[in-house]
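So the chains spell out like this:
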Amino acid sequence: MDILKKALVLNKEARAYIISNKGTVNEAINRHNLWPGATSVLGKTLTIAQIMGSMLKGKEALTIKINGGNGQVGNIIVDANSRGEVRGYVDNPSVSIVNNSGGMNDYYAIGTEGMIDVIKDLKLKETFTSSVQCTGNLANDFTYYFFESEQTPSVVYLGMLIDVDNTCRLSGGLIIQLLPNASENTICYLENLIQEYASFNELLEKYSLDEILQLFFKDDYEIVEEREVSFKCPCSKENFSKALLTLGKKELQEIANEDHHIEAVCHYCGEKYNFDEEEINELIKNIK
């Protein structure tokens with residue numbers, strides 16, 4: 001079970017979001033047949049999106065689009081909502097790039113010459129888009145995003161380990177954000193944390209989420225919310241039926257006569273929906 005916890009920390013002068021979500025990442029691996037390099041970058045983007053989704057309210061949602069320009073996976077697209085549900089995909093799932101130490105080389109997988117776009121749907125008249133440059137290091141890039149686009153000084157940690165059988169052994173993240181009332185002591189404390197705990201992988205291997213919070217903040221933290229999170233796509237055959245109607249009578253009739261079926265595939269989750277000739281003809285009847 002994947003879990004996300006929110007906490008007020010450091011005399012309630014900062015907030016922390018911590019997550020363990022290997023189930024989410026393994027679901028993405030299974031649905032998209034991801035190779036390890038693609039798993040690393042999509043999985044970390046899913047982690048960030050689940051945390052950012054928990055910052056939303058009601059029916060609000062967001063989309064993260066990453067194109068590093070010269071990366072091997074191409075586009076990374078992830079949707080998240082306020083209920084802890086996330087879905088996403090990469091253009092090229094067959095990427096497995098390792099660095100000299102045997103770990104995943106995210107820089108080559110993502111790319112270093114493109115942009116990260118965060119599109120928020122706050123259920124107003126228009127969506128809000130914020131963009132930052134992509135350097136290939138997602139933790140650093142989203143630390144900069146929160147400071148530049150949301151004026152919120154933050155520290156972002158991301159971790160992931162992939163086993164030799166191509167399953168995700170662990171995945172998680174921690175985002176710490178200063179609140180407006182933060183004192184100089186709290187700011188200095190967080191600056192020292194960045195240097196003291198450089199590898200989040202090691203922490204995820206050794207400790208539970210509560211133990212990591214204890215390690216970072218001693219007893220100076222209070223859990224204010226805990227929720228389950230998951231990979232979940234709202235696609236359905238009914239939704240694809242509505243999309244097919246936009247093709248028009250002529251094109252649908254040609255498909256029915258020549259191909260006799262349609263296979264629709266959801267990019268986000270890989271789910272396939274098949275429409276036979278009878279179903280296509282029924283769609284044609286519904287077009288006015």
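Residues numbered from 1 in each chain as written. Predicted model: local features only at pLDDT ≥ 70, side-chain atom pairs only at ≥ 80, totals over all residues. Heavy atoms only, no water.

### Some words on the sheet that holds strand β3 (residues 61-67)
What counts, and what does not: When DSSP locates at least two bridges between a pair of strands, those strands are taken to pair. Helix and strand assignments follow DSSP, with helices taken as H or I runs no shorter than four residues and strands as E runs no shorter than two, numbered in order from the N terminus. Orientation is described by axes fitted as lines to C-alpha atoms, over the contacting stretch for helices, and by angles from 0 to 180 degrees between their N-to-C directions. Should any heavy atoms of two residues lie within 4.5 Å, those residues are considered in contact.
Across the sheet, 10 strands lie side by side as β7-β6-β3-β4-β5-β10-β1-β2-β9-β8; this open sheet has mixed pairing. At either end of the open sheet lies a strand with only one pairing partner, and these are β7 (128-133) and β8 (154-162). Neighbour to neighbour, the strand axes of the sheet diverge by 15 degrees on average, direction disregarded. Its contacts with the sheet put helix α2 (residues 36-53) on β1 (2-9), β2 (14-20), β3, β4 (76-81), β5 (85-90), β6 (115-121), β8, β9 (168-178) and β10 (221-231), and the angle it makes with β8 is roughly 140 degrees. Strands β1, β2, β8, β9 and β10 of the sheet are contacted by helix α7 (residues 209-217), whose axis makes an angle of about 145 degrees with β2.

### Some details on the side chain of H32
Put simply, the test is: Pairs of N or O atoms within 3.5 Å make up the polar contacts considered here, provided that, within protein, one atom can donate a hydrogen while the other can accept it, and that residues adjacent in sequence are counted only when both atoms are side-chain atoms.
With respect to the helices and strands, the residue H32 is situated in helix α1 (residues 22-32). For H32, the side chain forms a polar contact with the main-chain oxygen of G88, separated by 2.8 Å. Not counting residues up to four positions away in its chain, the partners in contact with H32 are L42, G88, Y89, P93, F231, H267, Y268, C269 and G270.

### Here's the deal with the pattern of salt bridges
Basically, it comes down to this: Here, a salt bridge means any side-chain nitrogen of Lys or Arg that lies within 4 Å of a carboxyl oxygen of Asp or Glu. Accessible area is worked out with a 1.4 Å probe on protein chains only. A residue is then buried under 20% of its type maximum, exposed over 50%, and partly exposed in between.
Evaluated as defined, the whole model comprises 18 salt bridges. The closest approach of N and O atoms between K6 and E225, which form a salt bridge, is 3.0 Å. Of the two residues, K6 is situated in strand β1 and E225 in strand β10; the sequence distance between them amounts to 219 residues. E225 sits in the partly exposed class, given a relative accessible area of 28%. One connected set of salt bridges, linked through shared partners, spans K5, D210 and E226.

### Examining the packing of aromatic side chains
Basically, it comes down to this: Here is the rule: rings of Phe, Tyr and Trp (six-membered ring for Trp) pair when centre to centre is within 6.5 Å. Planes less than 30 degrees apart are stacked, more than 60 are edge-to-face, and the remainder are tilted. We call a charge positioned above a ring when the Lys NZ or Arg CZ atom is no farther than 6 Å from the ring centre and deviates by at most 35 degrees from the ring normal.
If you walk through the whole model with that rule in mind, you get 7 aromatic pairs. Both rings, one in F216 and one in F217, keep their centres 5.9 Å apart while their planes meet at 50 degrees; by these two values the pair is tilted. A relative accessible area of 0% means that F216 is categorised as buried. According to the relative accessible area criterion, F217 is buried, its value standing at 1%. One aromatic cluster is present, formed by Y157, F200, F216 and F217 through successive ring pairs. Of note, R87 hangs over the ring of Y268, and the distance from its end group to the ring centre comes to 3.7 Å. For K237, the ring lying beneath its charged end belongs to F275, and the centroid distance is 5.0 Å.

### Some thoughts on the side chain of E13
Test applied: Under the convention used here, Asp and Glu are negative, Lys and Arg are positive, and both His and the chain ends fall outside the count.
Examined against the element boundaries, E13 turns out to sit in the loop between β1 and β2. The buried charged residue E13 lacks any salt bridge partner; its closest oppositely charged side chain belongs to K12, at an N-O distance of 12 Å. Residues contacting E13, with those up to four places away along its chain left out, are L178, L179, N181, A182, S183 and T186.

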